[in-house]
Amino acid sequence: MKKGFLALCIAGLAAFSAACGADVNEGGSSSSGSEDDKVIVMGTSADYFPYEFVDTANGDEIVGFDIDIAKQVAENMGYELKIEDMDFGSLLGALNAGRVDFVMAGMTPTEERKENADFSDIYFTAKNLILSKGDAIQSLEDLNGKQVGVQLGSIQEGIAKDQIDGAEIVALNKIPEIIQEIKTGRIDAMVIEDTVAKKYLDQDSELSTFEIVDEEEAGSAAAFRKDDELRNQFNEELNKLIESGEIEKLAQKWFEEEAAPAE
Ligand code: ARG
């Protein structure tokens, strides 16, 4: 703080008092800040219905399964939840740069990610599918020489590289973009989680799918900076919600709901 500015604050000029008192972290990453600053910032990638998506019918609010869990856990920990939306591939960087306090984005705790972040327990599991337009693609072999879309930085990118021979992998930032590329025929197929694919399959009868066999289930967990005590507090509250059946209830609410909003 500059000396002159400090003097103004001391003089108690009303117009400046708020600025003097403001925590530099206000509105930003704050759990490591002062005790009474009870905002916690979660990073997410709101392109992942029904985990997290922008509810265009309701003032562009970000809602979904992860958001409900995060709100509940944050409230039980005595924090107000603030959400920062960004590309999936930027989330762990933002976490480690201190721009967000934790990440929830249907994120799978892989060994590679565990080198840069600590994860909560897994709160939900899903499987991966191949989604394409029409019925020409029925097996991984059919993808030889084809273009396969994946979300940049996702485990689906790794699955596509490891399991599909001879395909060109096209990594894009947002899931709806990849769906659009398939619908318009610019790319041939994508690797996508079953729970996320459901909405698109329900809405467009031209899209078809098959499960990738021998694939491990992909679980979702919340990510924290390494050795951050917040992880333990969060995990404790998360486990209470798992044990009380609250997470199961939320899973029913979000994953078994029939009417998904259109893009
Ligand atoms: N489970 C996958 C992963 O961890 C994909 C998650 C994508 N999440 C999202 N919000 N777009 O890589």
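Everything here concerns the structure above.
On a predicted model such as this, the values are computed, not experimentally measured, just so you know. (Residues numbered from 1 in each chain as written. Predicted model: local features only at pLDDT ≥ 70, side-chain atom pairs only at ≥ 80, totals over all residues. Heavy atoms only, no water.)

Chemist: Looking at this structure, I do not really get the packing of aromatic side chains. What am I missing?
Modeler: For any pair of aromatic rings, the description rests on two quantities: the centre-to-centre distance and the angle between the ring planes. Under the counting rule described, the total for this entry stands at 13 aromatic pairs. When the ring centre of Tyr 79 is taken as reference, the NZ or CZ atom of Lys 38 above it lies at 4.5 Å. (Phe/Tyr/Trp six-rings, centres within 6.5 Å; stacked < 30°, edge-to-face > 60°. Lys NZ or Arg CZ within 6 Å of the ring centre and 35° of its normal.)

Chemist: Explain the nonpolar core to me, please; I cannot follow it from the model alone.
Modeler: Among soluble globular proteins, nonpolar side chains are generally buried collectively. Phe 65, Ile 69, Phe 102, Met 104, Ile 175, Ile 192 and Phe 234 are the most contacted members of the largest nonpolar core, which has 49 residues in total. When residues in this core are grouped by element, the largest group, seven residues, is from helix α3 (residues 65–77). Contacts of Ile 192, omitting those with residues within four sequence positions, involve Lys 127, Asn 128, Leu 129, Leu 131, Gln 156, Ile 175, Ile 179, Ala 197 and Tyr 200. (Core = buried A, V, L, I, M, F, W, Y, C linked by side-chain atoms within 4.5 Å. Buried < 20%, exposed > 50% of the residue type's maximum accessible area, 1.4 Å probe, protein only. Helix = DSSP H or I, 4+ residues; strand = E, 2+ residues; numbered from the N terminus. Contact = heavy atoms within 4.5 Å.)

Chemist: Even after reading the chapter, I still don't get helix α9 (residues 229–243), so can you show me in this structure?
Modeler: Each α-helix winds once per 3.6 residues, and so residues spaced three or four apart point in a common direction. An ideal rise of 1.5 Å per residue puts 21 Å on 15 residues; α9 measures up with 22 Å between its terminal C-alpha atoms. When we look at burial in α9, the residues that qualify are Leu 230, Arg 231, Phe 234, Asn 235, Glu 237, Leu 238 and Leu 241. Looking at the buried side of α9, the elements it contacts are β1 (39–44), α3, β6 (102–103), β7 (118–119), β15 (223–224) and α10 (246–255). Measuring from the backbone nitrogen of Leu 230 back to the side-chain oxygen at the start of α9 gives 3.0 Å, which picks out Asp 228 as the cap. Following α9 by one or two positions, Gly 245 has its phi on the positive side, about 85°. (Expected span 1.5 Å × (residues − 1). Polar contact = N/O pair within 3.5 Å; in protein donor to acceptor, adjacent residues only side chain to side chain.)

Any functional reading would require information beyond the geometric quantities listed.
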